[in-house]
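Residue-level listing of the chains:
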Amino acid sequence: IRSEMLAGNELVEAMRLAHRRAECGAREKIFCLEEDTERLSFDVRRAENRVKVEANEAISECESFEAAQSTVAELRQECGDAATALAEVAAQAAALEEMASWDRLRRQDA
């Protein structure tokens with residue numbers, strides 16, 4: 001009976017040792033998973049921040065583009081207005097030249 005008890009005690013001790021080893025391995029795996037989770041969380045936050053920065057830059061570029069388009073439209077309008085004014089001045093100059101020509105002809109005839 002005593003030898004059976006010793007064998008039983010050895011078996012219990014072996015099971016405890018196996019349990020401790022398994023528990024230690026499980027703790028190590030949990031620790032590694034927690035580290036992975038922290039690293040991935042940091043990577044996600046960094047990526048989110050990068051996306052926010054890029055979105056703000058894109059918005060700023062769009063606003064600059066829209067402002068440039070507005071400036072181009074204004075300049076085109078000014079150019080059109082200047083061309084119209086120039087055409088009016090040219091028409092007036094032509095009319096004045098024609099009137100001067102008629103005046104010269106009348107003076108020559110007189």
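These notes cover the structure that comes with them.

Reading the values: the criteria
Residues numbered from 1 in each chain as written. Predicted model: local features only at pLDDT ≥ 70, side-chain atom pairs only at ≥ 80, totals over all residues. Heavy atoms only, no water. Helix = DSSP H or I, 4+ residues; strand = E, 2+ residues; numbered from the N terminus. Rg over C-alpha atoms; globule rule 2.2 N^0.38 Å. Buried < 20%, exposed > 50% of the residue type's maximum accessible area, 1.4 Å probe, protein only. Areas by Shrake-Rupley, 256 points an atom, 1.4 Å probe, with all protein chains shown as cover. Salt bridge = Lys/Arg side-chain N within 4 Å of Asp/Glu carboxyl O.

The subject of this paragraph is the overall build of the protein. Each helix and strand counted, the protein has 1 helix and 0 strands in total. Its C-alpha radius of gyration of 47 Å places the protein more than 25% over the 13 Å reference for a compact globule of 110 residues. On the principal axes, the C-alpha backbone points of the protein span a range of 160 × 10 × 10 Å. Relative to its full complement of 110 residues, the protein shows a buried share of 0%. Carbon together with sulfur atoms contributes 60% to the accessible area of the protein, which is approximately 10100 Å² in total.

Let us look at the pattern of salt bridges. Evaluated as defined, the whole model comprises 7 salt bridges. Its salt-bridge partner being Glu13, residue Arg16 comes within 3.9 Å of it at the nearest N-O pair. With Arg16 and Glu13 both in helix 1 (residues 2-109) and 3 residues apart, the pair spans about one turn of that helix. Glu13 gets classed as partly exposed once you look at its relative accessible area, which sits at 41%. When the shortest N-O distance is used, the salt bridge between Asp36 and Arg39 registers 2.5 Å. In this pair, Asp36 and Arg39 both sit in helix 1, 3 residues apart, roughly one turn of the helix.

Here Asp103 is to be found in helix 1. Spatially, the C-alpha atom of Asp103 lies 16 Å from that of Gln92, the residues being 11 residues apart in sequence.

Let's shift gears to the environment of Met15. As for its position among the elements, Met15 is in helix 1. When its relative accessible area of 54% is taken as the criterion, Met15 is described as exposed. Note: C-alpha distance between Met15 and Val51 (36 residues apart in sequence) is 53 Å.

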